[in-house]
Structure formats: C-alpha cells, structure tokens
Amino acid sequence: MVAVVTAPVDMPMVSASSHKVVTAFVFWSSQLSSLVVWSRPIRSLMVFTPVVIATALGAGFAPTAPGTFGSAVGLLLWWALPASPSVQAVVIVLLFVVGSWSGSQAERHFGKSDPGQVVIDEVLGQMMTMWMNPVAGWTGALLGFGLFRLMDIVKPWPARQLEALHGGAPGR
C-alpha cells in the first residue's frame, strides 16, 4: 500500500531553525514500514528540485521495484492529460528535456551512474508507450503498462546495447 503523508522536518536548506512541511511517501510491506524522504541529506533547493523531478515526486524511493512505481506515475500522467496526441507530444518533449537535466543532477547527488531512485526515464518511457496508441480504456492502458515493464526489464536488442553507451545530458 502507498500512502502520502506530510510531516514537519528540519530543513537546513532553508535555515537551521526553521521547520517546513515535506510531502513524503510511506511504503508498507509485511517486513518493512518506513518513511522515505530521500537517502542523503539535501542541502539546497537547487539539489532538491531535480531530485524530486528525477524520482518522479518520490516514486523512485519505493523499497522494491522503483521502476514499476515510476512507470505507474507515467500511466497516471497519461490518464490526466487530454487525449490529444499533440498535447501528449509536448509533454513528452518537456519530460525529455527536464528529465535529462534532473537525472544528471540526481546522479551527482546520489554519487553514482544510473541510480535506482531515478525513475523519470520510466515516466517518459511509459508516456511514449501510451502516446498515440489506441487503447481501449483501462484494460488497454494496463496492457501497455505491463508490456512496457516487460520490455524495460528484459531490454531486447538494441535497448541493452544503447543502455551501455556513455553519456546522456550535456554537462555530465
């Protein structure tokens, strides 16, 4: 079960004594009940913003299958948008640009290449899967979701070879 809660926390990025309300995701399982905000302290808004974007508003902090949670965010975003291919195309381009930037910044924050918490690529991939596909309601959408997750996990040719390429957004 996933629940969204707010909790007051001390945020040194604002000031040493101030308290702000932060939205956090609570992930429950039979062995684990934890409040996950981020795995390393975030000391500035210039780091906080790209980490929030790259983790799809925290979905990437899911203790298991963060990519699936990121894809679910993409599916919900697709559902929330108008059924216009041009509107969806604009959102896809914006996600690509903002996701490339935020993913690079989040890699620096987490200190490794392609950290599991960065799921903006799954959001984008799910949006591209649903874009201009004539799906029949939620049955078709869930089928598209399942097929995208399967292809993302299996990574058929040439996806696996492309993933091995160095680089990404400029400035990395």
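Described in the following lines is the structure provided in the data block. Since the model is a prediction, treat every value here as computed from it, not as a measurement.

What follows concerns the pattern of salt bridges. Using the criterion set out here, one finds 2 salt bridges in the structure. A salt bridge links Asp152 to Arg149; the shortest N-O distance between them is 2.7 Å. Placement of both Asp152 and Arg149 in helix 5 (residues 137-154) is noted, with a separation of 3 residues, approximately one turn of the helix. By the burial criterion, Asp152 is buried, and Arg149 matches it. Of the charged contacts, one joins Asp152 and Lys155 as a salt bridge, the two residues approaching to 3.1 Å between their closest N and O atoms.

We now examine the environment of Gly116. Relative to the helices and strands, Gly116 resides in the loop between helix 3 (85-110) and helix 4 (120-130). Judged by relative accessible area, which is 44%, Gly116 ranks as partly exposed. Taking the C-alpha atoms as reference, Gly116 lies 7.6 Å from Gly67; in sequence the two are 49 residues apart. Among all residues touching Gly116, those that are not within four sequence positions of it are Gly60 and Pro66.

Let us look at the packing of aromatic side chains. This model, assessed by the stated rule, comprises 3 aromatic pairs. When the ring of Trp78 is compared with that of Trp138, the centres are 6.4 Å apart and the planes differ by 90°; the resulting orientation is edge-to-face. Highlighted residues: Trp78 in helix 2 (residues 66-80) and Trp138 in helix 5, separated in sequence by 60 residues. For Trp138, a relative accessible area of 38% translates into the label partly exposed. Ring centres 6.2 Å apart and planes at 40° place the aromatic pair Trp79 and Trp138 in the tilted group. With Trp79 in helix 2 and Trp138 in helix 5, this pair connects stretches of sequence that are 59 residues apart. We classify Trp79 as exposed; its relative accessible area is 54%. Every member of this aromatic cluster is reached through a ring pair, and the members are Trp78, Trp79 and Trp138.

Thresholds applied
Residues numbered from 1 in each chain as written. Predicted model: local features only at pLDDT ≥ 70, side-chain atom pairs only at ≥ 80, totals over all residues. Heavy atoms only, no water. Salt bridge = Lys/Arg side-chain N within 4 Å of Asp/Glu carboxyl O. Helix = DSSP H or I, 4+ residues; strand = E, 2+ residues; numbered from the N terminus. Buried < 20%, exposed > 50% of the residue type's maximum accessible area, 1.4 Å probe, protein only. Contact = heavy atoms within 4.5 Å. Phe/Tyr/Trp six-rings, centres within 6.5 Å; stacked < 30°, edge-to-face > 60°.

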